[in-house]
Amino acid sequence: MTFEEARDYLLQKARAMGLEVEVLATEHRELSVRAREGRVEEITQARQGGIGLRVVEGGRTGYAYTEELSPAALDWALEEARENARLQAEAGGFLPQGGPLGQHDLLGEGLSAPLEEKRQKALALEAELRAHPQVAQVGMGGYTERESRTLLASTQGVAGAFRTGYAVLGVSAVMRQGESLKQGWELDFSREFHALEPGRTAQAFLQRTGRLLGARPLKTGRYRAYLEPRAFGPMLVFLGWFMLSAKNVLEGKSPLAGRLGQKVASDLFTLVDDPTLPGGLASRPFDAEGTEARRTVLIEQGVLRTFAHNSETAHRMQTRSTGHASRSYNGVLGVAPSNLLVEPGSGVRLEQGVIIAEVMGLHAGANPISGDFSLQALGLWVEGGEVAYPVENFAVSGNFLELLAQISALGSELEWQPTMAGAVGTPLVEVAELSFAGA
Amino acid sequence: MLDEALVSEVLQKARAGGADFAELYVERWQRRALRMLSGEVKEATSGIDYGGGLRLFYGLEVVYAYTNDLSPEGLLELVETLVRLRGSAGRVDEQGRGGLDFRKAAAQGLHAPRVPFSAKDKRYRLERLREAEAGAWLAPEIKQVQTQLLEWEQEVLVANSEGVWAEDRRVRTRLVVTAIAQGEGGMQTGTAGPGLSVGLELFDRYPPAEVGRRAAQQALVNLRARPAPAGSMPVVIGNGFGGVLFHEALGHLLETTSVARKTSVLADRLGEEVASPVVTYIDDGTTPHGFGSSEFDDEGRPTERTVLIEKGVLKSYMVDRWGSLLTGYRPTGSGRRQDYTFAPTSRMRNTFIAPSTTPKEKLFEGVEFGLYAADMGGGQVRPGSGEYNFAVKEGYIIRHGRIEEPVRGAILVGKGPESIRRIVAVSDDLETGPGMCGSLSGSLPVEVGQPHLLISEIVVGGQA
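Residues numbered from 1 in each chain as written. Chains lettered and ligands numbered in written order. Predicted model: local features only at pLDDT ≥ 70, side-chain atom pairs only at ≥ 80, totals over all residues. Heavy atoms only, no water.

Caption draft 1: Structural detail: the overall build of chain A. The helix and strand inventory of chain A stands at nine helices and 22 strands. A compact globule built from 439 residues would reach a C-alpha radius of gyration of about 22 Å, and chain A, at 24 Å, matches this within 12%. Oriented by its inertia axes, the alpha-carbon framework of chain A measures out at about 70 × 55 × 35 Å. Within chain A, buried positions represent 61% of all 439 residues. For chain A, contacts bridging at least 24 residues in sequence account for 72% of all contacts bridging at least 6. Of note, chain A has its 42 positive side-chain charges centred 2 Å away from the centre of its 53 negative side-chain charges. (Helix = DSSP H or I, 4+ residues; strand = E, 2+ residues; numbered from the N terminus. Rg over C-alpha atoms; globule rule 2.2 N^0.38 Å. Buried < 20%, exposed > 50% of the residue type's maximum accessible area, 1.4 Å probe, protein only. Contact = heavy atoms within 4.5 Å. Lys, Arg positive; Asp, Glu negative; His and termini not counted. Charge placed at Lys NZ, Arg CZ, Asp CG, Glu CD.)

What follows is the structure, encoded as structure tokens:
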């Protein structure tokens, strides 16, 4: 069965059973080429996808999915979803009413180039790195493209589809200077294959990782911190987004609960999510429930303006959905950002402190419920207004909400990175003081 | 799961297209997840994952493709796609003619569930979650209890052009309880999450109320804990999930995935002393019902018990097929993947530090001021520099050899090879715990384990 046939089969069955059903199907295509020592080492090509169901019966919600598109598997999924719905004690669930949302193509011809050109970009990236005297080993250098098509339909009238995708040049390698070893990575994303340049990605890697060679221990203390986008962006998504999700607010897991309209960050801090951003890595015409995309200001000059909602959380908090419903075919309804960005400021002037280039171990060292974090970091010591030397083997700790309140300057340029659920763009963030543990 | 003649045709076609080696992997999963929050089912979901991957070797070059379409047409198209991708049309291997003579191996049921997936209804599962939750309502400070039950049953077939035909069935069950306590210390959490390669008899081995109580106790400890101190100090690491230290600081550095590319600081070190002599480190895929156990790995090779480090000396790496081709080391049944969307790479299974005969109390005796990391969260490592970190979920100050007040928010950071040399004592109380490990070939169930052990000095990240 095709995805369209499976969708129609399920909607028809559900109507006959008197069930409310939302069907979300996603089909992925992926191509990746990895190069090593001047040769293509691994090529992967894939087509994969599945179909997921959200069933509401008597106000109770249940989920099921299948990657096997046979009538027997689809029947099983429908029955399991209904059985799962019946387990829910609490009524009040519903599927939003909707209409036709159209067919959207956000990708166009962006990935259309012959395979040979894609191989050449992977090989060129790896070759350029290998040629550098400080590069000890290239673990991986390569090209990957991903394309997805999402179909959304429900018994409540929602019907739409969109296609999106991106290409990426990526590298992971080890650099050496004497006894000092640093393993770094670089990923360069674009909606257009032709916009990727292996030379630029290689230079970015060499600059970013090379500056950390010869690092010294950092003395334990409290210092001014300059968080680069690669450090601040993931923290913002893992900690900040978690707190802003109305789902977590309703479940009593967010320290921002009850603080709408209050000051929760420095005046300098404005946080926006914009799924309509032209060319945005995570732009989308509508969310996973069919709510049309629009720009949302979450925090404005430090004041918490709104939480991020899907229709279910909005209904329970008596407000409107902000269009942040997320669901993969094998997941449950959640709340996810698209292109999440911190509005840039007037610039940062380095004085004294630590540039945090990257943080590691967020999933273990940061607690989104309390906001507390203690993270391994890589960085550079700044003195007299300039970078003095790289530092290593240290951890940076604090509380994310206190960090937001202590922001004292923001850089003037955004750097974008993809995340698990979307994309995040942030400038350099200066924080008055953070706690550092080292030697 | 698939017709033998079709599998043979697919593999032979690949060989005829010039591949030295062809491997077909197919799987069908059934999964169920239930999440309950303060007495109410929040999410209930079920699913079928179904797909396959075909991997071809041309010397050291690999091409991989995967699909959900396992019909004869779908599979034959997959082979053609791969042969075309490689651009090797034209070269025909004469050996690729005729049928394959498979040596069929089926799982013996070493890790088979006693109470399988279909044996009990969902109400039964809900009742167990309610018991877990009830166990967690220990004190008025406990404000929230979340319980989750995760179950999966995976059928796997791996067949290759060397005649391997291995079928495996893997059943895993995990219960996770998270308790949130609120008080003057803000909001703090505690978790407990036992999991094994068993069915619902997990509840007999780990009574749900007891699991709930453990999560709540940890949340309450963290509520009265002060921020952890910062700086370098001696640390005693608790048994069981404490083994995640070695998983990060040592285990990942011994996978051929990084060893073969020499992006591991422990590459080319066989026979050398790489750890303190009190350290013996073992990766065992055969542990009965271990969370990371299976009868065959995802390359169809029987799993085995691999001694990685014996008394500080490096004895073996963890080797998959590709790693073996690149390095010449013998494969160790370590080829694993999350699912068909990943080609296998060398991965850990159930990895632990062997116990000694020293009682745990001895480890604390000499510590004037240090940290007792009683329970761990996860961590991360960069094999190329050895830099790793991992989080302490429950910690206490050690003062004059005694365990004193609790501290929270500590992480331990270091460089793997250095920390391993600084292990000065290991005790006699080995325990293991389940976890999910993420790497190149996806997220996999593993076990980590260790007895209590003492590290003479390590950086503790806390409040300066």
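What follows continues from the structure just given.
Caption draft 2: Here's a closer look at the overall build of chain B. Looking only at helices and strands, chain B has ten helices and 24 strands in total. Taking 23 Å as the expected radius of gyration for a compact globule of 464 residues, we find that chain B reaches 24 Å, a close match to that expectation. Once the C-alpha set of chain B is aligned to its principal axes, its extents read approximately 75 × 55 × 35 Å. Across the 464 residues in chain B, those meeting the buried criterion constitute 65%. Expressed as a percentage of contacts within chain B between residues at least 6 apart in sequence, the contacts between residues at least 24 apart total 75%. Put simply, chain B shows about 15800 Å² of open surface, and 49% of that area lies on carbon and sulfur atoms. Positive and negative charge centroids in chain B, built from 54 and 61 side chains respectively, lie 2 Å apart. (Areas by Shrake-Rupley, 256 points an atom, 1.4 Å probe, with all protein chains shown as cover.)

Caption draft 3: Representation of the sheet that holds strand 10 (residues 271-273) of chain A within the structure. Residue and element names in this part refer to chain A. The strand order 12-11-10-15-21-20 describes an open sheet built from six strands, whose pairing is mixed. Here the strands that pair on one side only, and so sit at the sheet edges, are strand 12 (303-304) and strand 20 (415-418). Of the strand pairs in this sheet, strand 15 (residues 339-342) and strand 21 (residues 423-426) are connected by three bridges, and their pairing is parallel. When the sheet's bridge partners are listed, Asn339 is paired in strand 21 with Ala423. Across the sheet, helix 5 (residues 229-244) is in contact with strand 10, strand 11 (296-300), strand 12, strand 15, strand 20 and strand 21; its angle to strand 21 comes to roughly 120 degrees. (Pairing = 2+ DSSP bridges. Axes fitted to C-alpha atoms, helices over the stretch in contact; angles between N-to-C directions.)

Caption draft 4: How the structure looks around the sheet that holds strand 12 (residues 305-310) of chain B. Residue and element names in this part refer to chain B. One open sheet holds the six strands; their spatial order is 13-12-11-16-23-22, and the pairing between them is mixed. In the strand order of this sheet, the two ends are held by strand 13 (313-314) and strand 22 (431-439), each with one partner. As defined by bridge partners, strand 22 adjoins strand 23 (residues 442-450) across nine bridges and the pair is classed as antiparallel. By the bridge assignment for strand 23, Gly438 is matched with Ser443.

Caption draft 5: Representation of the confidence of the model for chain B within the structure. On average, residues of chain B score 93 in pLDDT, and 97% of them are at 70 or above. With pTM at 0.90, the complex prediction returns an ipTM value of 0.87. (pLDDT = per-residue confidence, 0-100.)

Caption draft 6: Here's a closer look at the interface of chain A and chain B. Taken together, the 78 residues of chain A in the interface contact 78 residues of chain B. Summed over both sides, the interface between chain A and chain B buries roughly 6400 Å², with carbon and sulfur atoms accounting for 49% of that surface. In terms of residues, the side of chain A that touches chain B owes the most to one element, strand 2 (residues 39-57) of chain A, which gives eleven residues. In the side of chain A that touches chain B, the residues fall into 28 nonpolar, 27 polar and 23 charged. The pairing of strand 3 (residues 60-66) of chain A with strand 2 (residues 40-58) of chain B spans four bridges and is classified as parallel. Directly across from Tyr65(A), in strand 2 of chain B, lies its bridge partner Gly47(B). (Buried area = accessible area lost by both parts, 1.4 Å probe. Nonpolar A, V, L, I, M, F, W, Y, C, P; charged D, E, K, R; others polar.)

Caption draft 7: Structural detail: the environment of Pro194(B). All names here are of chain B. With respect to the helices and strands, the residue Pro194 is situated in the loop between strand 7 (186-192) and strand 8 (195-196). In sequence terms Pro194 and Glu167 are 27 residues apart; their C-alpha atoms lie 27 Å from each other. The residues contacting Pro194, other than those within four sequence positions of it, are Thr173, Arg174, Leu175, Leu202, Tyr206, Val211, Arg214 and Pro434.

Caption draft 8: Representation of the packing of helix 3 (residues 122-136) of chain B against helix 5 (residues 208-223) of chain B in the model. Residue and element names in this part refer to chain B. Closest axis-to-axis distance for the helix 3/helix 5 pair is 6 Å, and the angle between their directions is 40 degrees. Between helix 3 and helix 5 lies a crossing of right-handed hand. Judged by residue contacts, Arg128, Glu131, Ala132, Gly135 and Ala136 of helix 3 engage Pro208, Ala209, Gly212, Arg213 and Ala216 from helix 5. Residues that form the contact of helix 3 with helix 5 fall into these classes: five nonpolar, two polar and three charged. (Left-handed = near helix turned anticlockwise from the far one by under 90°.)

Caption draft 9: Representation of the side chain of Thr270(A) in the model. All names here are of chain A. Here Thr270 shows up in the loop between helix 6 (246-250) and strand 10. With relative accessibility at 10%, the residue Thr270 sits in the buried group. Separated by 2.9 Å, the side chain of Thr270 and the backbone nitrogen of Gln301 make a polar contact. (Polar contact = N/O pair within 3.5 Å; in protein donor to acceptor, adjacent residues only side chain to side chain.)

Caption draft 10: Geometry of the environment of Tyr58(B). Mapping Tyr58(B) onto the fold places it in strand 2. Residues Tyr58(B) and Asp20(B) lie 38 residues apart in sequence; the distance between their C-alpha atoms is 5.4 Å.

Caption draft 11: Representation of the packing of aromatic side chains in the model. Counted under the stated rule, the structure contains 19 aromatic pairs over all chains. Every member of this aromatic cluster is reached through a ring pair, and the members are Tyr223(A), Trp381(A), Phe394(A) and Phe436(A). Between the NZ or CZ atom of Lys118(A) and the centre of the ring of Phe193(A), over which it lies, the distance is 5.9 Å. Between the NZ or CZ atom of Arg321(B) and the centre of the ring of Phe21(B), over which it lies, the distance is 3.4 Å. (Phe/Tyr/Trp six-rings, centres within 6.5 Å; stacked < 30°, edge-to-face > 60°. Lys NZ or Arg CZ within 6 Å of the ring centre and 35° of its normal.)

Caption draft 12: Up close: helix 2 (residues 72-86) of chain B. Residues and elements named next belong to chain B. Its 15 residues give helix 2 an end-to-end C-alpha distance of 22 Å, which sits within 8% of 21 Å, the value for a rise of 1.5 Å per residue. Within helix 2, burial applies to Gly74, Leu75, Leu76, Leu78, Val79, Thr81, Leu82, Val83 and Leu85. Directly beyond the C-terminal end of helix 2, a positive phi value near 70 degrees is found at Gly87. (Expected span 1.5 Å × (residues − 1).)

Caption draft 13: Here's a closer look at the pattern of salt bridges. Counting across every chain of the model gives 77 salt bridges over all chains. Glu251(A) is the salt-bridge partner of Arg35(B), the closest N and O atoms lying 2.6 Å from each other. Here Arg35(B), found in strand 1 (residues 21-37), pairs with Glu251(A), found in the loop between helix 6 and strand 10, and the two come from separate chains. Each member of the pair, Arg35(B) as well as Glu251(A), is classed as buried. Residues Glu131(B) and Arg128(B) are paired through a salt bridge, measuring 2.6 Å at the closest nitrogen-oxygen approach. (Salt bridge = Lys/Arg side-chain N within 4 Å of Asp/Glu carboxyl O.)

Caption draft 14: Representation of the nonpolar core. Counting 79 residues, the largest nonpolar core has Leu11(B), Leu54(B) and Leu56(B) as its most contacted members. At seven residues, the largest contribution of residues to this core is made by helix 2 of chain B. Contact partners of Leu56(B), with chain neighbours within four places excluded, come to Ala14(B), Ala19(B), Phe21(B), Ala22(B), Glu61(B), Val62(B), Val63(B), Leu82(B) and Val83(B). Among the nonpolar cores identified, the runner-up in size contains 50 residues, and Ala225(A), Leu239(A), Leu244(A) and Phe307(A) belong to it. (Core = buried A, V, L, I, M, F, W, Y, C linked by side-chain atoms within 4.5 Å.)

Caption draft 15: Here's a closer look at the packing of helix 3 (residues 115-130) of chain A against helix 4 (residues 198-210) of chain A. Residue and element names in this part refer to chain A. Interhelical geometry of helix 3 versus helix 4 gives an angle of 35 degrees and a closest axis separation of 9 Å. In terms of crossing hand, the pair formed by helix 3 and helix 4 is right-handed. Where helix 3 approaches helix 4, its residues Lys121, Ala124, Leu125, Glu128 and Leu129 are matched on the opposing element by Pro198, Gly199, Thr201, Ala202, Gln203, Phe205 and Leu206. Residue composition of the contact of helix 3 with helix 4, grouped by class: seven nonpolar, three polar and two charged.

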